[in-house]
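The lines below spell out each chain.
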Amino acid sequence: MINYLMTGFEIVKRLVKEIIRLASVALVALQLRARDLVYTLINVSIRRRRLGSVIPPGYPGHGREWPKYLAPNFESDSRSPCPGLNALANHGILPRNGKHLTYRQMAHAIQHAYNLSPTLAERLTAASRELDQGRGWIDLHDLNALNVIQHDASFTRPDIAFCPDQSSPNTELVDKFLAHASNGHSLSLVDLAYYSGLRRVESKCSNGEHSLSYSFKHKYFGSGNCALMYAVFGGDVNDLKVWLGEERFPDRWEPKNREALGYTVVQSQATTLAIEFNIHEDQALRPEDESYFEGDVEG
Ligand code: HEM
């Protein structure tokens, strides 16, 4: 027979446990915020890193020299929908097989290669914890899971409904994206917002399993990725063609963001909000896009 007193006790015990868990998450988030604010204030008060020395001595990429690029072997290597992480594995800054990556390893690699603050590196990495089932590590391929971080209407991959393996970029989509630089050589924030709107509508119209419309969180992730890409590449089409299309660092490249303590969460959120709230799905199409929905890019 069920003991109702013990059941009540168990409910209270689990509630208390959950409250303690939430409080500790809130505490970690709060201290991350406070640290990030300090980094941001220091960044605006001291000199930026010198051109040619954005990556500190001793780290891969210092002096614009990157470890050798090797294209992945898709039979044995694990890759993700993220050009940022795949490029690191293709250059051997993360293990080339893309497997068994710890959060520390990922945070360390992205912080130094892309000149991010430790707080932003931690925060980006934390987003993948939901995938690891408590193991403490992931394979890059785990990031394929829909609607954890990966979402519809990406710039370099067709939706997962059309392309179940999100491990490699689609050249046609990459070229289409880069063709949207309104001055021909550099994508502006306006171009990024415009193109996001276009991809969202396209996904909604062509994908019966479209799942982005009602998820502000995933729209925000999408704009967050645009903000990161904009900070690190400054919208440069030639560099982005190599990074997005081949998931490789362009020769003699270094990050455009030169903050002394790295690009912070506060900075990235300000740009993310600016992009997200300038995305209008009912926008007027540019003349070259008027035939956009006639073709089938997802095919
Ligand atoms: C550990 C940290 C990171 C994780 C877990 C992660 C994960 C992901 C995932 C799952 C996606 C797919 C989203 C989609 O469906 O479009 C993605 C996309 C993307 N990531 Fe990352 N990422 C990380 C770090 C970075 C860094 C450091 C950069 C840039 C310097 C970056 C740039 C991008 C960009 C530009 C996209 C969009 C690609 C597209 O729209 O096709 N990521 N990331």
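Residues numbered from 1 in each chain as written. Predicted model: local features only at pLDDT ≥ 70, side-chain atom pairs only at ≥ 80, totals over all residues.

Per an unreviewed UniProt entry, the protein chain carries the name Cloroperoxidase and comes from Aspergillus pseudoustus. As recorded by UniProt, the Cofactor (unreviewed entry) comment attached to the protein chain reads in full: "heme b". For the protein chain, the Sequence similarities (unreviewed entry) comment in UniProt is given as "Belongs to the chloroperoxidase family." (UniProt positions renumbered as here; feature names shortened; annotations may be inferred.)

If you had to explain the overall build of the protein chain to someone new, which residues and values would you point to?
Counting its regular elements, the protein chain contains nine helices and two strands. The C-alpha atoms of the protein chain give a radius of gyration of 21 Å, which matches the 19 Å a tight globule of 299 residues would have. A buried classification covers 38% of the 299 residues belonging to the protein chain. Residue pairs in contact within the protein chain that sit at least 24 positions apart in sequence constitute 67% of those at least 6 positions apart. (Helix = DSSP H or I, 4+ residues; strand = E, 2+ residues; numbered from the N terminus. Rg over C-alpha atoms; globule rule 2.2 N^0.38 Å. Buried ≥ 20, exposed ≤ 12 C-beta atoms within 10 Å, placed from the backbone. Contact = placed C-beta atoms within 7 Å.)

Provide a residue-level description of the nonpolar core, including the pertinent values.
In terms of nonpolar packing, the biggest core is built from 50 residues, with Leu88, Leu94, Ala109, Ile110, Leu192 and Tyr230 touching the most fellow members. Elements with a contribution of two residues or more to this core: helix H2 (83-90), helix H3 (103-113), helix H4 (118-126), helix H5 (171-178), helix H6 (189-206), helix H7 (216-233), helix H8 (237-246) and helix H9 (265-276). Ranked by residues supplied to this core, first place goes to H7 with eight residues. (Core = buried A, V, L, I, M, F, W, Y, C linked by C-beta atoms within 7 Å.)

An account of the site of the ligand is needed here, citing residue identities and associated values.
Around the ligand, the structure places 25 residues, and the nearest of them are Cys82, Gly84, Ser154, Phe155 and Thr156. When contributions to the shell around the ligand are tallied by element, the ones reaching two or more residues are H2, H3, H4 and H7. Here the shell around the ligand gets four residues from one element, more than from any other, and that element is H7. Of the residues contributing to the shell around the ligand, the split by class is 15 nonpolar, nine polar and one charged. (Near = placed C-beta within 6 Å. Nonpolar A, V, L, I, M, F, W, Y, C, P; charged D, E, K, R; others polar.)

Before we move on, can you summarise the packing of H5 against H8 with the specific residues and values?
Their axes nearest at 10 Å, the elements H5 and H8 cross at an angle of 160°. Classified by the interaxial angle, the pair formed by H5 and H8 is roughly antiparallel. Between H5 and H8 lies a crossing of right-handed hand. Every residue of H8 that contacts H5 at Thr171, Val174 and Leu178 is listed here: Val237, Leu240, Lys241, Leu244 and Gly245. Class assignment of the residues belonging to the contact of H5 with H8 gives a composition of five nonpolar, two polar and one charged. (Axes fitted to C-alpha atoms, helices over the stretch in contact; angles between N-to-C directions. Parallel < 35°, antiparallel > 145°, perpendicular 65-115°, else oblique. Left-handed = near helix turned anticlockwise from the far one by under 90°.)

Describe the UniProt feature "domain: Heme haloperoxidase family profile" (unreviewed entry) in the protein chain, naming the residues involved and giving the relevant values.
Under the UniProt annotation, the feature "domain: Heme haloperoxidase family profile" (unreviewed entry) is placed at residues 65-270. With 43% helix and 2% strand, the stretch residues 65-270 has end C-alpha atoms that lie 31 Å from each other.

I'd love a proper account of H2, names of residues and values included.
An α-helix turns once every 3.6 residues. As a result, residues three or four positions apart point the same way. The element H2 is largely enclosed, with a buried count of seven among its eight residues. On its buried side, H2 packs onto H3 and H8. Remark: Gly92 follows H2 within two positions and exhibits a positive phi of approximately 75°.

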